[in-house]
Amino acid sequence: MEATEHSPVPLLELRNVSKSFQAVRALRGVSIALRAGEVHALAGENGAGKSTVVRIIGGEHQPDGGEVLLDGEPVRFSAPREAQQRGVAVIHQEPIQFPDLSVAENVFMGRQPLRPGRRIDRREMNRRAAEVFDRLGVPIEPTRQTRGLSIADQQIIEIAKALSADARIIVMDEPTAALSAVEAERLFRVARGLAERGAALLFISHRLDEMYALCDRVTVLRDGALVATERMTEIDHDTLVRRMVGRSVEQLFPERENEAGDEVLVVDGLNRAGVFGDISFTVRAGEIVGLAGLVGSGRSEVARAVFGVDERDSGTVSVNGRPLPAADPRTAIENGIALVPEDRREQGLVLELPIERNASLARLPQVSPGGITRRARERALARKWGERLSLKYGRLSDPATTLSGGNQQKVVLGKWLATEPSVLIVDEPTRGIDIGAKVEVHALLSDLAAQGIAILLISSELPEVLGMADRVLVMHEGRITAELSTEEATEETVMYAATGNGRGGQNGSAA
Amino acid sequence: MNRVRSLLSGREISIVLALVAVVAVTGAVNPSFVSAQGFHDLFLNASIIALLAIGQTLLVITRNIDLSVGSVMGLTAYLSGQMFIADHDTPVIVVVLAGMALGAACGAFNGALVAIAKVPALVVTLGTLYVFRGVDYGWASATGVHQINADQMSPSFLSFGSGSILGIPHLTLIAVAALAVAGYALHNWRSGRELYAIGSNPQAARLAGIPAGKRVFSAFVISGALVGLAGVLHASYFGTINASVGTGRELAVVAAVVVGGVAIFGGSGTVLGAVLGALLLTTITSALPILGVPAFWQRAVDGAALLLAISLDRAVMLRLAARLRAERSRARPAGDTGDTEGSVPRA
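Thresholds, definitions, all that
- Residues numbered from 1 in each chain as written.
- Chains lettered and ligands numbered in written order.
- Predicted model: local features only at pLDDT ≥ 70, side-chain atom pairs only at ≥ 80, totals over all residues.
- Heavy atoms only, no water.
- Helix = DSSP H or I, 4+ residues; strand = E, 2+ residues; numbered from the N terminus.
- Rg over C-alpha atoms; globule rule 2.2 N^0.38 Å.
- Contact = heavy atoms within 4.5 Å.
- Areas by Shrake-Rupley, 256 points an atom, 1.4 Å probe, with all protein chains shown as cover.
- Lys, Arg positive; Asp, Glu negative; His and termini not counted.
- Charge placed at Lys NZ, Arg CZ, Asp CG, Glu CD.
- Pairing = 2+ DSSP bridges.
- Axes fitted to C-alpha atoms, helices over the stretch in contact; angles between N-to-C directions.
- Expected span 1.5 Å × (residues − 1).
- Buried < 20%, exposed > 50% of the residue type's maximum accessible area, 1.4 Å probe, protein only.
- Arc of directions from axis to C-beta.
- Domains from an automatic or database assignment.
- pLDDT = per-residue confidence, 0-100.
- Parallel < 35°, antiparallel > 145°, perpendicular 65-115°, else oblique.
- Nonpolar A, V, L, I, M, F, W, Y, C, P; charged D, E, K, R; others polar.
- Patch = residues over 30% accessible without salt bridge, like charges linked within 9 Å, V, L, I, M, F, W, Y side chains within 5 Å.
- Salt bridge = Lys/Arg side-chain N within 4 Å of Asp/Glu carboxyl O.

A. Quick peek at the overall build of chain A. Check the secondary structure of chain A and you find 18 helices and 22 strands. On C-alpha atoms alone, chain A measures out to a radius of gyration of 24 Å, which is about the 24 Å that the 2.2 N^0.38 rule sets for 511 residues. Principal-axis analysis of the C-alpha atoms places the extent of chain A at approximately 70 × 50 × 45 Å. Looking at chain A alone, contacts between residues at least 24 apart form 66% of all its contacts between residues at least 6 apart. Total accessible area on chain A is roughly 21200 Å²; 46% of this is exposed by carbon and sulfur atoms. Measuring between centres, the 62 positive side-chain charges of chain A sit 6 Å from its 73 negative side-chain charges.

Here is the structure:
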């Protein structure tokens, strides 16, 4: 690929692209031009339509309106393979590999070098894989089985795929979410190198400082619509945030003034080999404790072990002074713990079931006198919580899929609140829901804390942790590396600890 | 990696060891079991089931399964008999090709429902297990031909089934040839590796642009053709056919594949392993009467072997997962001991 400094025609361009999923308009008239030699940032809140842009460029979705231009020519990618063959590579946030196959096979799947007779040239494949890893400066053994690699290494495999395919248009969808600072810096070097050699990059990140460090231009999306495209040097930090959010950050979070009560949840010395270790913390009544950290740092795993869905190797968990047995969620529920899981569609809801049935799932004995579930009681329970959470629904007998993301989350919350918990663990409660619903969820959490519920809030969105929590615990690679008070916690201090630069001496001292 | 790989090939070695043990024990009880004739019989018995196991492996690797193999085999066996009734001098090659074509057509039917209509293979082939068998019986009762005997078939067809070259039965040679081709293709062709990819992670396969539907459909068709061939060979070897040929074979085939180390959830396993699994199970079956175990225990042995192999796979998988977790936790503190382990005061 020849380096052309400023080619007049963008390598890839979306022109006035629209896309709807059933009733949801994911994109409305979005235009972006990706130029050779340029790193282009795509900014926006969760649910702004960034993923849809990525999927359209990658050929996973086809636009309903508008056009995609490759080298100035209209194209229509009907499948990911077509996009790949035209030089587009998408590096997904959560890399998905073939765990049973070797690393080199993962890199070259579908494009393996051949010897005469259409026979795969394994030696050449391994050599070329080793060469790419060498270029990336990461020693991964190409013949190794992929099962058991860390997320960071799997990410490197994704990048190696793009490199080995000589991709000209490279989309990186939050590639740094699971990387340490060192790994991210290495990735940036690689990304800049690709741009210098004439590739066009689209870079998505939640961290603004990364955008400023790496990107030349930025396109901001909000609620599926294009807000602006600017040179990175011509837009300051605050303006960028305002463009993304559409309102100032303060309005997103309720004012909170809480008197923390007695210690309700006490976790001491929790261990699970290879997942997390030495986890000790407490949550008091009426307190919101934020649990921050990079994707894959073990936050959800800790939550699952506290709740008892996962085993623990050692350590104790107690609620209101009563110790909980390991791996026994039923007892955990009886003792007042509720866990709102990270993935509401997979783990939180039975999407095909009516709203009212979902709402009562954690509370079946209450609506089933004599062991037989009464529809009327179920509906009454669902209506009560629907009103308290201002749920927007058609009919309570509609399946849960018909609800928007924010309202689905409310059903999951309502389901657990119906158990009248004293400890509420929420894992990424606002992922993928719109701003309005976010504000409501935040207000709700704040109310619950005011009522004396102890809340553990796991979130990858720093503003959310900083805006909501009374105390912030930061995890890095399975360990708590910092515990910060509201005054100490800033984006910088949290990120510093989350990338493995935790200051000792704070860990566990509160327990 | 080396450990993982040695674990996999270890499976094939352990089957061979089990095979040696079974043969040794049985041979000690009855020396004729280890004679040249004894081995000849063992290979002959295993050949048909090995052909079925090769086809089944292609499917299981992609996270699919075919339970209708017994019925398809019965159908093609019956077809070969009917062809001789229609014309006593039908050339052998025509019968073989017709059987394979009918098998491939049945496979295409299964494959279309699985790959295009997206119905789970377990359900589709459980249905066609009965549908194909029903067609078989329907054909027999419509024509009134309930049994076809050796004298109704051409001598060249019968000698094809029972013949051998240099003491190796034709059937075994055919099975070995199929094994070689399938093994080579699975290991060396892109489409072969893509079958593993589809079974290992369907979503990743889609993103890698692998035409999963096409590959799965082809696997069903190829497997069907092999099953069709097995049906014709059954007819030419046994010389007696009725509409119930192959009944219950699906259990033996799936057991052989799983015992042979093909992961039931797809993504790993070899045809060599599956064929060795077939050989081991048929050897045990032939050894049972000699060891004084009544013959009706045979299918229980197949079932027990299936359960044992799956439990073993599961146990190995859990141990591997635990070891990988432990390795990662050991690897971790090395990177940042100074930050986490070292400087944290014990309160």
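B. Quick look at the sheet that holds strand E14 (residues 276-284) of chain A. All names here are of chain A. The four strands lie next to each other as E14-E13-E16-E17, forming an open sheet whose pairing is antiparallel. The open sheet terminates on both sides in strands that have one partner only, identified here as E14 and strand E17 (322-323). In the packing of helix H9 (residues 299-307) onto the sheet, contacts are made with strand E13 (263-272), E14 and strand E16 (314-319), and the angle to E14 comes to roughly 70 degrees.

C. Fine view of helix H4 (residues 122-136) of chain A. Residues and elements named next belong to chain A. The end-to-end C-alpha separation of H4 is 21 Å, in line with the 21 Å expected for 15 residues at 1.5 Å each. Buried within H4 are the following residues: Met 125, Ala 129, Val 132, Phe 133 and Leu 136. An end-on view of H4 places all buried positions within 95 degrees of arc, on one side of the element. Summarising the geometry of H4, the exposed residues directed more than 90 degrees from the buried face are Arg 123 and Asp 134. Of the surrounding elements, those touching the buried residues of H4 are helix H3 (103-108), strand E8 (119-120), helix H5 (151-164) and helix H6 (181-196). Phi turns positive one or two residues past the end of H4, at Gly 137, with a value near 70 degrees.

D. Main features of the domain arrangement of chain A. The domain boundaries assigned to chain A delineate domain 1 (12-97 + 149-246), domain 2 (248-336 + 421-432 + 453-511) and domain 3 (348-420). Computed over C-alpha atoms only, the centres of domain 1 of chain A and domain 2 of chain A are separated by 32 Å.

E. Expanded view of the confidence of the model for chain B. Residue and element names in this part refer to chain B. On average, residues of chain B score 87 in pLDDT, and 92% of them are at 70 or above. Segment residues 1-8: pLDDT under 50, and nine contacts once partners within four positions in sequence are set aside and those in other chains are kept. Across residues 332-347 the pLDDT falls below 50, and counting only partners more than four positions away or on other chains, this stretch makes 23 contacts in the model.

F. View of the packing of helix H7 (residues 170-188) of chain B against helix H10 (residues 212-238) of chain B. All names here are of chain B. Following both chains from N to C, one finds H7 and H10 inclined at 170 degrees, their axes separated by 11 Å at the closest point. It follows that H7 is roughly antiparallel to H10 by the angle criterion. Seen from H7, the contacting residues are Leu 171, Ile 174 and Ala 178; seen from H10, they are Leu 226, Leu 229, Leu 233 and Tyr 237. The residue inventory of the contact of H7 with H10, partitioned by class, reads seven nonpolar, no polar and no charged.

G. Just a nonpolar patch on the surface, in detail. A surface patch of nonpolar side chains, amounting to about 400 Å² of accessible area, comprises Ile 165, Leu 166, Ile 168 and Leu 173 of chain B. Tracing the backbone shows Ile 165 of chain B in strand E2 (residues 164-165).

H. Region of the structure containing the pattern of salt bridges. Residues and elements named next belong to chain A. Applying the stated rule across the entire model yields 27 salt bridges over all chains. The salt bridge involving Arg 122 is made with Glu 105; its shortest N-O contact spans 4.0 Å. Remark: Glu 105 occurs in helix H3 and Arg 122 occurs in helix H4; sequence separation between them is 17 residues. Judged by relative accessible area, Glu 105 falls into the buried class, the value being 5%. Residue Asp 398 is joined to Arg 395 by a salt bridge in which the shortest nitrogen-to-oxygen separation is 3.3 Å. Taking relative accessible area as the criterion, Asp 398 reaches 14% and is therefore assigned buried. Residue Arg 395 is classed as exposed on the basis of its relative accessible area, which comes to 56%. If you follow the salt bridges from partner to partner, you end up with Glu 124, Arg 127, Arg 128 and Glu 131 in one network.

I. Up close: the pairing of strand E18 (residues 337-340) of chain A. Residues and elements named next belong to chain A. Burial along E18 is two-sided: the face carrying Ile 337 and Leu 339 and the face carrying Ala 338 and Val 340 are both buried. Note: E18 against strand E19 (residues 423-427), four bridges, orientation parallel. Across the sheet, the residue bridging to Val 340 is Val 426, located in E19.

J. Just the sheet that holds E18 of chain A, in detail. Residues and elements named next belong to chain A. Spatially, E18-E19-E20-E15-E21-E22 is the arrangement adopted by the six strands of the open sheet, whose pairing is mixed. Each of the sheet's edge strands pairs with one partner strand only, and the pair in question is E18 and strand E22 (479-485). The sheet shows a mean angle of 20 degrees between the axes of neighbouring strands, direction not considered. Sheet topology places strand E15 (residues 288-293) next to strand E21 (residues 471-476); five bridges connect them, and they run parallel. Following the sheet pairing, Gly 290 is matched in E21 by Val 472.

K. Seen up close, the environment of Phe 157 of chain B. Residue and element names in this part refer to chain B. In this structure, Phe 157 sits in helix H6 (residues 155-162). By relative accessible area, which is 0% here, Phe 157 ends up buried. C-alpha of Phe 157 to C-alpha of Pro 91: the two residues are 66 residues apart in sequence and 8.0 Å apart in space. Phe 157 has contacts with Ser 80, Phe 84, Val 92, Val 95, Val 232, Ala 235 and Ser 236, leaving out every residue within four places of it along the chain.

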